[in-house]
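Listed below, chain by chain, are the residues.
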Amino acid sequence: MRIETIRQEFPQLAGQVYGKPLVYLDNAATSLRPRSVVAKWEEMSTRYNANLHRAVHRMAQIATDEYESSRDALRDFIGAARREEIVFTSGATASLNLVAFCLGESMIREGDEILVAESEHHSDIIPWQQMCARKGAKLRVYPVEEDGSYDLERLESLLTDRTKILCIAQISNVLGIINPVREMAAVCHRHGCLILVDGAQGIVHLPVNVQDLDCDFYLFSGHKMYAAPGTGVLYGRLELLEQFPPYMGGGEMIATVRWEGSTFAAPPQRFEAGTQNISGVPTWKPAIETLRLLRDPQIEDEQARIRDFMLDALGSDPRIRLFGTAEPRAARIPLFSFAVEGAHHEDLALILDKFGVAVRSGQMCAEPLMDRFGVTGMLRVSFAPYNTLQEAEYAMEALRKAIKMLTE
Amino acid sequence: MSTLEEKKAAVVEDFMLFDDWMDKYEYLINLGKELEPLPEECRTEDRLIRGCQSRVWLDARMEEGKLVFRADSDALITRGIIALLVQVYSGRTPEEIAADDFGFLEQIGLKENLSPTRANGLVSMVSTIRQAAKENAR
């Protein structure tokens with residue numbers, strides 16, 4: 001498929017900032033929205049707005065079908081064994097909080113250990129810290145290597161008979177390197193330890209099959225993969241979800257309610273209290289369609305060209321320090337975080353903005369990783385499959401001009 | 001030394017000469033480069049201004065009835081902005097600063113043309129200067 005055809009599906013790509021064409025390279029923060037997703041959201045809001053599961057009227061039936069068929073589409077998309085293993089949340093952060101809380105309540109005792117990878121997003125750190133504080137468990141860190149990779153032997157040496165779970169991103173939102181989570185899962189399971197994989201970045205760039213990865217939990221956000229904001233998924237192995245207590249109490253998550261005490265629904269309803277995102281959840285279907293369309297050989301070739309161009313360009317400037325340099329190139333996504341000697345990341349981002357180039361600067365919600373590399377922040381350029389090599393070239397030209405402005 | 005009103009008018013006039021934001025950034029970057037660095041021992045937690053992506057320190061002290069500001073930042077454009085504020089407000093009486101509306105920042109387009117995080121930084125810088133003026137005003 002031609003990239004121009006795909007680009008027309010994303011109206012924002014035709015936008016301008018300060019009279020210049022928008023070059024949107026902050027896709028790791030949130031993706032742009034395709035027309036099909038916006039249309040589905042509008043359809044659900046203007047034609048089939050009704051609450052789920054409860055009423056017998058026609059509108060409620062349609063809304064419920066749209067919602068539940070999205071669960072089926074997601075089950076199929078990530079290769080889960082059963083539809084009950086797909087829990088709808090408001091995003092990856094909500095999914096992580098749910099697992100940390102419920103795992104803490106059901107399986108964690110004082111003195112147990114939680115292992116969290118050093119490059120994790122704050123959303124995969126804070127819920128574990130809070131749970132550890134509540135349960136008297138110990139949070140330990142799985143250190144990242146200098147080149148941004150993770151060592152499997154080191155993992156082996158860190159696991160003890162008290163380690164209950166390893167929490168790691170399939171791809172860090174800062175480093176862009178694909179972590180060998182299938183191999184990690186094998187190591188963890190050999191030691192009787194669970195593995196949670198944060199797929200917020202991974203699902204956008206890789207085909208995912210949770211049974212093949214053999215992970216116990218896998219989670220992601222809709223807004224980073226073209227679906228409506230406020231949508232998220234938690235995949236959990238059913239036998240684990242069944243042991244979880246409810247996370248929030250409210251409507252729809254119950255079996256019976258009595259003043260003496262209530263009983264709760266089975267997963268996934270047990271974790272879907274209150275009115276759900278009735279307009280947003282149905283957008284998973286067109287979002288998945290978009291992702292499938294974008295997994296096209298011609299588009300993947302362009303992504304590889306962008307990756308090679310960026311690595312060569314960033315590598316050829318001695319003032320630029322790229323974080324996450326592990327080889328091979330094929331084991332990374334087109335996401336690049338770096339620091340420039342003598343130029344502050346915030347200054348660079350401000351100047352790039354005036355060239356129409358949207359990038360991220362700062363700590364990228366990964367303060368411990370910033371400390372690890374001894375920097376106060378980085379500049380991150382993250383591409384999506386609708387970006388072109390031409391945009392990469394323009395962004396690098398703008399970066400060179402910005403560096404010149406700041407250092408000469 | 002020019003009065004506060006004269007100084008503000010001069011800054012507004014300077015900014016009117018610029019065609020686009022690149023020129024404004026060039027100007028701010030140069031102001032940032034010219035700003036006398038704050039000695040290392042003055043870059044303390046209590047002088048740090050919250051709400052900026054970069055780090056900004058502001059030191060305020062009274063000298064012969066006037067407020068004297070010194071400032072620094074690890075980012076150049078922010079350094080230029082705080083340098084501009086120091087140029088305009090340092091050496092004025094606290095009463096004069098407390099009575100000022102800081103409206104010239106909108107006139108030169110600093111407020112709306114900076115990213116929200118940066119605008120917050122600017123708001124924090126202004127409120128720190130105002131606070132120092134209020135604390136020292138009679």
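Predicted model only: the values in this text are computed from it and were never measured.

Student: Go over the sheet that holds strand β14 (residues 335-340) of chain A with me, naming the residues and quoting the values.
Tutor: Residue and element names in this part refer to chain A. Taken together, the 4 strands give an open sheet; going across it, the order is β13-β14-β17-β16, and neighbouring strands pair in antiparallel fashion. At either margin of the open sheet sits one strand with a lone partner, and together these are β13 (320-323) and β16 (360-362). Direction aside, neighbouring strands of the sheet carry axes that sit 30° apart on average. Pairing geometry for β16 and strand β17 (residues 378-382), over 3 bridges, is antiparallel. The residue of β17 that forms the bridge with G362 is M378. Sitting on the sheet, helix α13 (residues 345-354) touches β14, β16 and β17, and the angle it makes with β16 is about 155°.

Student: So what about the pairing of strand β7 (residues 163-169) of chain A? Which residues, and what values?
Tutor: Of all 7 residues making up β7 of chain A, 5 are buried, and the element is well covered by its neighbours. For the segment spanning β7 of chain A, helix α7 (residues 181-190) of chain A and strand β8 (residues 194-198) of chain A, crossover handedness is right-handed.

Student: Give me the lowdown on the domain arrangement of chain A, citing residues and values where you can.
Tutor: All names here are of chain A. Annotation of chain A at the domain level lists domain 1 (3-32 + 296-407) and domain 2 (39-290). For domain 1 versus domain 2, the distance between C-alpha centres works out to 28 Å. Among the secondary structure elements, those contributing two or more residues to the side of domain 1 that touches domain 2 are β14, α14 (367-373) and β17. Grouping the constituent residues of the side of domain 1 that touches domain 2 by class yields 13 nonpolar, 5 polar and 3 charged.

Student: Go over helix α15 (residues 389-407) of chain A, please, and point to the residues and values.
Tutor: Residues and elements named next belong to chain A. With 19 residues, α15 extends 27 Å between its outermost C-alpha atoms, agreeing within 8% with the 27 Å of an ideal straight helix rising 1.5 Å per residue. Restricting attention to buried positions, one finds in α15 the residues A392, A395, A398, L399, A402, I403 and L406. The buried residues of α15 occupy an angular sector of 140° when projected down its axis, which confines them to one face. For α15, the exposed residues lying more than 90 degrees away from the buried face are Q390, R400 and K404.

Calculation criteria
- Residues numbered from 1 in each chain as written.
- Chains lettered and ligands numbered in written order.
- Predicted model: local features only at pLDDT ≥ 70, side-chain atom pairs only at ≥ 80, totals over all residues.
- Pairing = 2+ DSSP bridges.
- Helix = DSSP H or I, 4+ residues; strand = E, 2+ residues; numbered from the N terminus.
- Axes fitted to C-alpha atoms, helices over the stretch in contact; angles between N-to-C directions.
- Contact = placed C-beta atoms within 7 Å.
- Buried ≥ 20, exposed ≤ 12 C-beta atoms within 10 Å, placed from the backbone.
- Right-handed = clockwise from strand over helix to strand, strands pointing away.
- Domains from an automatic or database assignment.
- Nonpolar A, V, L, I, M, F, W, Y, C, P; charged D, E, K, R; others polar.
- Expected span 1.5 Å × (residues − 1).
- Arc of directions from axis to C-beta.

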